[in-house]
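The chain contents come next:
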Amino acid sequence: MKNKIVGDMPPEEFRKSGHELIDWIADYLINIEEYPVLPNTKPGELKKRFPKNPPENGESVEEILSDIDRKIIPGVTHWNHPKFMAYFNSTSSGPGILAELLTAALNQNGMNWKSSPIAAEMEEVTLDWLRQMLDLPENFWGIIYDTASISSLHAIASAKTQVEHERKDKNLLNKLCFYFSEQAHSSIEKDALFLGIKKEHIRKIKVNKDFKMIPEVLRNQISKDIENNLIPFCVVATVGTTSTTSVDSVSKIAKICSEKNIWLHIDAAHAGIAAIVPEMRFILNGVEHADSIVVNPHKWLFMPIDISVYYTTKPNILKRTFSLIPEYLKTEQDNSAINYMDYGIQLGRRFRSLKLWFVIRYFGVKGLRSIIREHIRVGKLFEELVSNNPQFELLAPVPFSTVCFRAVPNRVISEAQLNELNERLMNEVNRTGKVFLSHTRLYNKFIIRLVVSGIRTKEEHMLEVWALLQKTLSKLIGNEY
Ligand SMILES: Cc1ncc(COP(=O)(O)O)c(C=O)c1O
């Protein structure tokens, strides 16, 4: 137990503990591959390790740090592990971690310009850098939110404001129709429901065999809704769907939206980042006709969660939707600076642009491009390995570095047995602690997804996973099928 202190930790203690913690983090990253990617624990087990009551007396940092290995790590899923290949990965790079540390130290609350001039201006600068990297037109104005779910919420809310403003009617909610593909992320539907869009006016547009929204179906549905006196107000196209990373045809969808005067939002949360690679920029073709787009640097730009970037060509509509300034938040710079609190639901805002600044400066645009290029190369290599092995099959095209596949062993077994086999295969390889793969289901098929997007993931890691999959499959087939 430590002596009673009044006030903060003494600076010398902070310095010493800080060095120790940085050493711990450096060792953690060096040894990351020694940890099981998924912790071996069951719900409820971890909390038993902690005292039921808060400590009455302060404890030393040594005591707290010594518990990291014993009490924290056993419950950590190692997103930073090079064989974390589940979901869409979010990896912490060295500069990203340092930026987070500085963010906490400076503790800027970027509500408005006055509350943190540097947070406000750094957000403008770094979002313009990222805009250039993505080759978005100059009229795309950016703001940082925490997650893509929230960025898209702001897009849909803006679309609603636009239509209400144009029709000079704020009571349209019961008539508003909202469109996205049946492969869009669940956050899109959740956002719409949250905003009060009626469930029966939410249209999940059919996809083609490559899991892309079919523009003709969208067009027909919109026409039908207009005929029925409903009001189509927003379409979300996805660049990189969650299950397969399919890319909707933004150009074709944009044409329909502009003909019908409908807000077009692009959810490019994960894959949009690939557009910083010039030969991949085509994925955003047509974006110049969209009203908004979201990309998540915390998904594929090596920044610790969370940072989601939302660009819109209509920041005035965003402001109209969210600006409400009470007396106590008025400042003398209100007419000469950007107050980001006016462009979103949050008042308090973290200094997240510092992560963009650190990471983009450290790697440079060239460095970031080469990491993403390499991920795509390794992903394609895995695609090739799967398609050349008769015991496996690919289940979707691979536009980036996410591969959807399943085992189809030689012997003829039913679809139900295949589903069971693949689920067991994934669970078995995950149980080894050597890799974490996740799944999806398409046309009622259980599909394993392998995603190459972690900053530490190299070809050798993918090859290890491939070998493990084959070995585990042989074992499963030998035993039962
Ligand atoms: C295409 C897409 N959009 C949105 C999201 C939600 O992202 P977030 O966790 O940042 O809200 C995801 C998550 O994987 C996604 O794949």
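Scoring rules and cut-offs
Residues numbered from 1 in each chain as written. Predicted model: local features only at pLDDT ≥ 70, side-chain atom pairs only at ≥ 80, totals over all residues. Heavy atoms only, no water. Helix = DSSP H or I, 4+ residues; strand = E, 2+ residues; numbered from the N terminus. Buried < 20%, exposed > 50% of the residue type's maximum accessible area, 1.4 Å probe, protein only. Areas by Shrake-Rupley, 256 points an atom, 1.4 Å probe, with all protein chains shown as cover. Lys, Arg positive; Asp, Glu negative; His and termini not counted. Charge placed at Lys NZ, Arg CZ, Asp CG, Glu CD. Near = heavy atom within 4 Å. Polar contact = N/O pair within 3.5 Å; in protein donor to acceptor, adjacent residues only side chain to side chain. Domains from an automatic or database assignment. Pairing = 2+ DSSP bridges. Axes fitted to C-alpha atoms, helices over the stretch in contact; angles between N-to-C directions. Core = buried A, V, L, I, M, F, W, Y, C linked by side-chain atoms within 4.5 Å. Contact = heavy atoms within 4.5 Å. Parallel < 35°, antiparallel > 145°, perpendicular 65-115°, else oblique. Nonpolar A, V, L, I, M, F, W, Y, C, P; charged D, E, K, R; others polar.

1. Focus: the overall build of the protein chain
Along the protein chain, the regular secondary structure elements total 13 helices and eleven strands. For the protein chain, the spread of C-alpha atoms along the principal axes amounts to about 70 × 60 × 45 Å. Looking at the protein chain as a whole, 52% of its 481 residues are labelled buried. Taken as a whole, the protein chain presents about 22,900 Å² of accessible surface, with 53% of it coming from carbon and sulfur. Taking the average place of the 60 positive charges on the side chains of the protein chain and the average place of its 57 negative ones, the gap between the two points comes to 4 Å.

2. So, the site of the ligand
Neighbouring the ligand are 13 residues; A148, S149, T242, D267 and N296 lie closest to it. A distance of 2.8 Å separates an oxygen atom of the ligand from a polar backbone atom of A148. Contact distances for the ligand include 2.5 Å between an oxygen atom and a side-chain N or O atom of S149. Within the complex, the protein chains bury 87% of what would otherwise be the 390 Å² of accessible surface of the ligand. Of all the elements in the fold, those that place two or more residues in the shell around the ligand are α5 (148–167) and α9 (297–300).

3. Examining the domain arrangement of the protein chain
Per the domain assignment, the segments making up the protein chain are domain 1 (1–78), domain 2 (109–350) and domain 3 (370–480). For domain 1 versus domain 2, the distance between C-alpha centres works out to 38 Å.

4. Digging into the sheet that holds strand β2 (residues 176–181)
Within a sheet, adjacent strands bond to each other through the backbone by hydrogen bonds, running parallel or antiparallel. Judged by pairing direction, the sheet is mixed, and its seven strands sit side by side in the order β1-β7-β6-β5-β4-β2-β3 without closing on themselves. The outermost strands of the open sheet, each flanked by one partner alone, are β1 (141–145) and β3 (202–205). Mean inter-strand twist for the sheet, computed between neighbouring axes without regard to direction, equals 20°. Relative to strand β5 (residues 263–267), strand β4 (residues 231–238) runs parallel, the two being bridged by five bridges.

5. Section: the nonpolar core
A general feature of soluble globular proteins is that nonpolar side chains tend to end up buried together. Core analysis: the biggest nonpolar cluster contains 56 residues, and V235 and I372 have the highest contact counts within it. Tallying contributions element by element places helix α11 (residues 353–387) first for this core, with seven residues. The two domains that each donate at least three residues to this core are domain 2 (109–350) and domain 3 (370–480). Discounting residues that sit within four places of it in the chain, I372 has contacts with I273, A274, I276, V277, W300, L301 and F302.

6. Remarks on the packing of helix α1 (residues 11–30) against helix α2 (residues 61–72)
It is the contact of α1 with α2, at a shortest axis distance of 11 Å, that shows an interaxial angle of 10°. Between α1 and α2, the crossing angle belongs to the class labelled roughly parallel. Side by side, α1 and α2 meet where E13, K16, S17, E20, L21 and W24 of the first sit next to V61, E62, L65, I68 and D69 of the second. By residue class, the composition of the contact of α1 with α2 is five nonpolar, one polar and five charged.

7. Describing the sheet that holds strand β10 (residues 438–442)
Taken in spatial order, the four strands make up an open sheet running β8-β9-β11-β10, and their pairing is antiparallel. In this open sheet, the two edge strands, each paired with only one partner strand, are β8 (392–394) and β10. Adjacent strand axes in the sheet meet at a mean angle of 40°, parallel and antiparallel pairs treated alike. Bridge count for strand β9 (residues 402–407) against strand β11 (residues 445–451) is four bridges, and the pairing is antiparallel. If you follow T402 over to β11, its bridge partner there is V451. Each of β8, β9, β10 and β11 is contacted by helix α12 (residues 415–431), which is oriented at about 30° to β11, the strand it contacts most.

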